[in-house]
Amino acid sequence: ADRQVIHVLHRVSQDAVKNYIVAAADVIFLAGNPANFAFLKLSGSLSYCNEETDTIGDDLVVGDYWVAEVALWTPWHYLGDLVSTDVSRVASLDASAFCNALTMSWQTQRVASRYAAMFLEKMNFNLDNWSDTFILPREVGANPGGRSRPLSEQHRYGWYRCPCWRSASKVQAD
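Residues numbered from 1 in each chain as written. Predicted model: local features only at pLDDT ≥ 70, side-chain atom pairs only at ≥ 80, totals over all residues. Heavy atoms only, no water.

Across its 20 residues, helix α3 (residues 106-125) extends 28 Å between first and last C-alpha, which sits within 8% of the 28 Å expected from 1.5 Å per residue. Of all the positions in α3, only T108, A112, A116, F119, L120 and M123 are classed as buried. Buried residues of α3 fall within an arc of 105° about the axis and therefore sit on the same side. Opposite the buried face of α3, by more than 90 degrees, sit the exposed residues W106, V111, R114, E121 and F125. In this structure, the buried side of α3 is in contact with α1 (3-16) and α2 (95-102). For α3, the capping residue at the N-terminal end is S105, with a side-chain oxygen 3.1 Å from the backbone nitrogen of Q107. (Helix = DSSP H or I, 4+ residues; strand = E, 2+ residues; numbered from the N terminus. Expected span 1.5 Å × (residues − 1). Buried < 20%, exposed > 50% of the residue type's maximum accessible area, 1.4 Å probe, protein only. Arc of directions from axis to C-beta. Contact = heavy atoms within 4.5 Å. Polar contact = N/O pair within 3.5 Å; in protein donor to acceptor, adjacent residues only side chain to side chain.)

With that settled, the discussion passes to the packing of α1 against α2. At a minimum axis separation of 9 Å, α1 and α2 run at an interaxial angle of 165°. Compared by their axis directions, α1 and α2 come out roughly antiparallel. Between α1 and α2 lies a crossing whose hand is right-handed. Facing V8, R11, V12, D15 and A16 of α1, the residues of α2 in contact are A97, F98, A101 and L102. Taken together, the residues of the contact of α1 with α2 sort by class into 7 nonpolar, no polar and 2 charged. (Axes fitted to C-alpha atoms, helices over the stretch in contact; angles between N-to-C directions. Parallel < 35°, antiparallel > 145°, perpendicular 65-115°, else oblique. Left-handed = near helix turned anticlockwise from the far one by under 90°. Nonpolar A, V, L, I, M, F, W, Y, C, P; charged D, E, K, R; others polar.)

The subject of this paragraph is the confidence of the model for the chain. Looking at the chain, the pLDDT average stands at 78 and 74% of residues meet or exceed 70. Note on residues 140-174: pLDDT is under 50 here. Beyond four places in sequence and across chains, it has 85 contacts. (pLDDT = per-residue confidence, 0-100.)

As for its placement among the helices and strands, G32 is situated in the loop between β2 (27-29) and β3 (37-43). Owing to a relative accessible area of 48%, G32 belongs among the partly exposed residues under this scheme. Between the alpha carbons of G32 and Y78 there is a distance of 5.4 Å; along the sequence they are 46 residues apart. Apart from the residues within four sequence positions on either side, G32 is in contact with H77 and Y78.

Turning our eyes to something else, we now look at the nonpolar core. With 20 residues, the main nonpolar core has I28, F29, F39 and L82 as its most contacted residues. Elements with a minimum of two residues in this core: β2, β4 (46-50) and α3. When neighbours within four sequence positions are excluded, L82 is seen to be in contact with D26, V27, I28, F29, F39, L46, S47, Y48, V61 and V67. In terms of nonpolar packing, the next biggest core, distinct from the first, is built from 15 residues, A16, W73, A97 and C99 among them. (Core = buried A, V, L, I, M, F, W, Y, C linked by side-chain atoms within 4.5 Å.)

Attention now goes to the sheet that holds β3. As summarised here, the arrangement of the 3 strands in space is β1-β7-β3, forming an open sheet in which the pairing is antiparallel. The outermost strands of the open sheet, each flanked by one partner alone, are β1 (17-22) and β3. Adjacent strand axes in the sheet meet at a mean angle of 30°, parallel and antiparallel pairs treated alike. With 6 bridges connecting them, β3 and strand β7 (residues 88-94) associate as antiparallel partners. Each bridged residue has a counterpart across the sheet, and for F39 the counterpart in β7 is S92. (Pairing = 2+ DSSP bridges.)

With that settled, the discussion passes to the packing of α1 against α3. With their axes 8 Å apart at the nearest point, α1 and α3 run at an angle of 70° to one another. Compared by their axis directions, α1 and α3 come out roughly perpendicular. Across the interface between the two elements, Q4, V5 and V8 of α1 pack against W106, Q107 and T108 of α3. Tallied by class, residues from the contact of α1 with α3 come to 3 nonpolar, 3 polar and no charged.

Geometrically, a pair of aromatic rings is defined through the distance of the ring centres and the angle of the planes. In total, this model carries 9 aromatic pairs according to the counting rule given. Ring centres 5.9 Å apart and planes at 35° place the aromatic pair F29 and F39 in the tilted group. With F29 in strand β2 and F39 in strand β3, the pair connects residues that are 10 residues apart, well separated along the chain. Look at F39 and you get buried, because its relative accessible area is 8%. Ring centres of F37 and F39 lie 6.3 Å apart, and the angle between their planes is 40°; on these two criteria the pair is classed as tilted. For F37, a relative accessible area of 29% puts it in the partly exposed group. Joined through ring pairs, the aromatic side chains of F29, F37, F39, Y48 and Y78 make up one cluster. (Phe/Tyr/Trp six-rings, centres within 6.5 Å; stacked < 30°, edge-to-face > 60°.)

Following this line, the structure appears as structure tokens:
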């Protein structure tokens, strides 16, 4: 890998990623609040609830996908609530620090920009399914064997644009 890319990955891991342990029934985010972070369940159990699911526990979060990944690419407000249903380990990714790190290399900025455009296109195609759990299918347009995705994955779609592409600045330490 290129030294610039390695440097960017180091900056992301150092400045943007944090690891948390949350207790059962801890609120990670609430609908309506500005989305400054994306979250990844590392262990335990998380539940996502919005006005469509309306009940905690209806939509358990799959550990392979970021929740509110959309916050990395566009100004966003959480559309639902994310709550731990058991003691859990969660990683958070600070959207601002992530975007600032990506702008340190033209290579990472270009790849991320292309991914963001593709993600936005897919999200805009699914206007009725906007959620903090939106994900870009791993193989865009692919549907192996003609089967639909599992129900737990059907509502995982988001929206993307990195707010700091034009005005990157060095991330300041706390």
